[in-house]
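Listed below, chain by chain, are the residues.
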Amino acid sequence: MMKYIKSKKINIKDDTLAGITVSLAMIPEVVAFAFVAQIDPLVALSGAFIIGLITAIFGGRPGLISGAAGAVAVIFVHMIAEGHKKGMLFDTPIDNMGYYYLLGAVILMGLIQVGAGVLKLGRFVRLIPHPVMMGFVNGLAIVIFIAQVKMFSHKELNISPEGVKEYTNIFMQGTELFTMIGLVLLTMAIIWGLPKITKKVPAALTAIIITTAIVVISGMDVSTVGSYIREGGGDGLSGKFPTPNLELWQNLPFNLDTLLFILPYAFLAASVGLIESLMTMNLVDELTDSRGNGNKECVAQGAGNIVSGLFGGTGGCGMIGQTVININAGGRGRLSGVMMALTLLTFILFADKYIEQVPIAALVGVMFMMVIETFAWSSFRIMNKIPKSDAFVLIIVSAVTVIFDLAIAVFVGVIVSALVFSWENAKKIRARKRMKDDGTKVYEIWGPLFFGSITAFNEKFDIKNDPDRVEIDFVESRVSDHSAIEAIFALVEKYQAAGKKVVLKHLSEDCKVLLYKASPIFSDVIEEAIDDPRYHLAANPEDFPKPLSEYKF
């Protein structure tokens, strides 16, 4: 995996320089996301500034970088296109109506995320298994690598007869390609070699400055941030300070039709945004040997999106690529995120001409080094040492991340891990059988009894050939859920239907109460006189504030 970095005292210089470095790496990525969503790059950059600033100040994970992320932008593409069409059908047609629907959806997305934080849903990120985490970072590294390879091409704008904009990539060739590769390798070499000489200056930022200086002084004709924006139809980086978008309230109809139109997109974007943010937070926790607050991060992400929508910016979430750059550059505190946002705003307002001169090759080199740092190379070494189920989860999460989406990959990984866990525990149910002197057959149950193991549990009993009296002893078993209780109930009914007497021993008080409620027949089936402190019903520790020894089971 990535280098494990112990937490250290926050350093103002490191945070400041790391924030500047991240802002440089963020611009082309945010602009690229704007092209995907077919919105003005300044809309995405404004959103990146607002979300990044708010989450840096109020978020639950210092060092985490948030901005206008691609996973969120992709979700809104279809909504924006459909919104433009709906705007043309109004009594008074409205141009660019998809943009106003976007702002409404971003605000609703933020409200949903705040709700998730208030309901303390952020804790569920702790349930993500380690193989899912490794698969996540491996897939992420591959996705970032593929995205950077696309930078070795030019965008060509095509407009269909219906007015739909489409961009095709034309791969570089000849001298242009070799120049691009040379500059990328130069940037990577500086980032790799500079720390071996001195660690007083950030390697990534130094590499960007040196590569940019070489390009400017030599007059090389290479792709730059400015040319990249203009290729996509933009006018450049120059903009203005974000202010509340009053046109939103004038043009967006506040009615049920609008809510039903934007709600599915807002909910999906909120879910994807929170999953990516919390996964990024989890990764930073590992890298810095510290613990973030998932619920606080949910609220901050939501607040950032609400304000971004109100100020005319797009939605966003935690950006794992930029976060890794920040951590590797020494950014640990909230100041690094604040500096990223303020530097981004400064570039937009005052330094647009300078930042537009930065060659894309320098930023690609930074991202390639991040890919090398991000990929869990140890996964190759441990593949034959870990359980096959964990190896399968790791591979499937990596593949789904590349083919579909990071959030979908996490969902799939957690579900597969849960199914594997249930399957493995289902096989642990055992029944030791013995006969008493009086002819009673005793089944001593071992292992967890839950929804996954009830089939194996039922197979242990030979109702037809058992004697007239049967005892089932649960002293070494755990009755874990309602499915287990239903299985016990059904088993007792089968024995009684066969005319045989069955006795249940060492059931917990909770389990007995539920069985008594299920049917009065259990009053003669459960043996109350026996109590064994080894047995307990699986429960949430929070339900027992006192030591367990003070409770009678």
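Bear in mind the structure is a predicted one, so any value in this text is a computation, not a measurement. Note on numbering: residues in each chain are counted from 1, in written sequence order. The predicted nature of this model means local features are confined to residues of pLDDT at least 70 and side-chain atom pairs, given and counted, to a pLDDT of 80 or more, with totals for whole chains, interfaces and linings taken over all residues. Hydrogens and water molecules were not included; the side-chain quantities draw on all heavy atoms of the structure.

Caption draft 1: Just the overall build of the protein, in detail. The way it works is that DSSP assigns letters per residue, a run of H or I at least four long becomes a helix, a run of E at least two long becomes a strand, and they are numbered from the N terminus. For the protein, the count of helices and strands is 21 helices and eight strands. With a 1.4 Å probe rolled over the protein chains alone, any residue whose accessible area is under 20% of its type maximum counts as buried; one over 50% counts as exposed, and the rest are partly exposed. For the protein, with 553 residues in total, the buried portion stands at 53%. In what follows, a contact means two residues having at least one pair of non-hydrogen atoms within 4.5 Å. The long-range fraction of contacts in the protein, counting pairs at least 24 apart against all pairs at least 6 apart in sequence, stands at 79%.

Caption draft 2: Region of interest: the packing of helix α4 (residues 97–118) against helix α10 (residues 256–288). The convention used is that axes are lines fitted to C-alpha atoms, helices contributing only their stretch in contact, and that angles between N-to-C directions extend from 0 to 180 degrees. Direction vectors running N to C along α4 and α10 enclose 55 degrees, while the axes themselves pass 8 Å from each other. One way to sum up the angle between α4 and α10 is to call them oblique. Crossing handedness for the pair α4 and α10: right-handed. Contact with α4, carried on its side by Y101, G104, A105, L108, M109, I112, Q113 and A116, involves T258, L259, F261, I262, L263, A266, F267, A269, A270, G273 and L274 of α10 and no other residues of that element. Polarity classes work like this: nonpolar for Ala, Val, Leu, Ile, Met, Phe, Trp, Tyr, Cys and Pro, charged for Asp, Glu, Lys and Arg, and polar for all others, with Gly in that last group. The class makeup of the residues in the contact of α4 with α10 is 15 nonpolar, four polar and no charged. Every angle not falling under 35 degrees, over 145, or within 65 to 115 is termed oblique; those three ranges are roughly parallel, roughly antiparallel and roughly perpendicular. Throughout, a crossing is termed right-handed when the near helix is turned clockwise from the far one, and left-handed when it is turned anticlockwise from it by less than a right angle.

Caption draft 3: Quick peek at the sheet that holds strand β6 (residues 441–449). Strand pairing is assigned whenever DSSP detects at least two bridges linking the two strands. Across the sheet, four strands lie side by side as β5-β6-β7-β8; this open sheet has mixed pairing. Two strands bound the open sheet, and with one partner strand each, they are β5 (430–435) and β8 (501–505). Taking each pair of neighbouring strands and ignoring which way they run, the sheet shows an average axis angle of 20 degrees. Relative to strand β7 (residues 469–479), β6 runs parallel, the two being bridged by eight bridges. Across the sheet, W446 pairs through a bridge with E476, a residue of β7. Sheet contacts for helix α20 (residues 482–497): β6, β7 and β8; angle to β7, the most-contacted strand, approximately 175 degrees.

Caption draft 4: Layout of the environment of A68. You can see A68 is positioned in the loop between β1 (66–67) and α3 (70–88). Overall, the relative accessible area of 3% leaves A68 in the buried class. Between the C-alpha atom of A68 and that of G313, which follows or precedes it by 245 residues, the distance is 8.9 Å.

Caption draft 5: Expanded view of the confidence of the model for the protein. In this model, the protein carries an average pLDDT of 82, and 87% of its residues clear a pLDDT of 70 or more. As a per-residue measure, pLDDT reflects the predictor's confidence and takes values from 0 up to 100. Segment residues 1–8: pLDDT under 50, and 33 contacts once partners within four positions in sequence are set aside and those in other chains are kept. Segment residues 533–540 is flagged for pLDDT under 50; beyond a separation of four residues in sequence, or across chains, it makes 21 contacts in the model.

Caption draft 6: Representation of the nonpolar core. Residues M26, F76, M79, L102, M180, L344 and V364 are the most contacted members of the largest nonpolar core, which totals 113 residues. Per-element tally for this core: the top contributor is α10, with twelve residues. What we call a nonpolar core is a set of buried Ala, Val, Leu, Ile, Met, Phe, Trp, Tyr and Cys residues that are connected through their side-chain atoms within 4.5 Å. Formed by 29 residues, the second largest nonpolar core is a distinct cluster that contains I463, F489, V492 and L507.

Caption draft 7: Examining the packing of aromatic side chains more closely. Only rings of Phe, Tyr and Trp enter the pairing, Trp through its six-membered ring, and a pair is recorded when the two centres are within 6.5 Å. The plane angle decides the type: under 30 degrees is stacked, over 60 is edge-to-face, the rest tilted. A full pass over the atoms with the stated rule returns 13 aromatic pairs. Both rings, one in F375 and one in W377, keep their centres 4.6 Å apart while their planes meet at 50 degrees; by these two values the pair is tilted. According to the relative accessible area criterion, W377 is partly exposed, its value standing at 48%. Residues W377 and F380 carry aromatic rings whose centres are separated by 6.5 Å and whose planes lie at 40 degrees to one another, so their mutual orientation is tilted. Under the relative-accessibility criterion, F380 is labelled exposed at 54%. A network of ring pairs unites the aromatic residues Y443, F457, F461, F474 and Y495 as a single cluster. Here, a charge over a ring means that NZ of Lys or CZ of Arg falls within 6 Å of the ring centre while also lying within 35 degrees of the ring normal. The cationic tip of K86 hangs over the ring face of F261; the distance from NZ or CZ to the ring centre is 5.1 Å.

Caption draft 8: Just helix α15 (residues 360–374), in detail. Its 15 residues place the ends of α15 21 Å apart at the C-alpha level, agreeing with the 21 Å of an ideal helix rising 1.5 Å per residue. For α15, a buried count of 13 out of 15 residues is recorded, marking the element as mostly surrounded by other parts of the structure. Each helix should span, by expectation, one fewer than its residue count multiplied by 1.5 Å.

Caption draft 9: Spotlight on the packing of helix α6 (residues 174–197) against helix α7 (residues 203–218). Direction vectors running N to C along α6 and α7 enclose 140 degrees, while the axes themselves pass 9 Å from each other. Classed by the angle they form, the pair α6 and α7 counts as oblique. The two elements α6 and α7 meet at a crossing, and its hand is right-handed. Listed contacts from α7 to L183, L186, T187, I190, I191, L194 and P195 of α6 are A203, A204, T206, A207, I210, T211, I214 and V215. The residue makeup of the contact of α6 with α7, split by class, is twelve nonpolar, three polar and no charged.

Caption draft 10: How the structure looks around unusual backbone geometry. The residue K120 is not glycine, and still its phi comes out positive at about 60 degrees. Examined against the element boundaries, K120 turns out to sit in the loop between α4 and α5 (130–149). In this structure, H506 is a non-glycine residue whose phi angle is positive, near 60 degrees. Its place among the elements puts H506 in the loop between β8 and α21 (509–518).

Caption draft 11: Structural view of the environment of I396. Tracing the chain through its elements places I396 in helix α17 (residues 388–403). Between the C-alpha atom of I396 and that of V132, which follows or precedes it by 264 residues, the distance is 8.9 Å.

Caption draft 12: Structural view of the pairing of β6. Burial within β6 is extensive, with eight of its nine residues counted as buried. In the sheet, β5 pairs with β6 via six bridges, with the strands oriented antiparallel. Pairing of A431 across the sheet is with I445, part of β6. Hairpin connection from β5 to β6: five residues lie between these consecutive antiparallel strands, with G439 at a positive phi of about 90 degrees.

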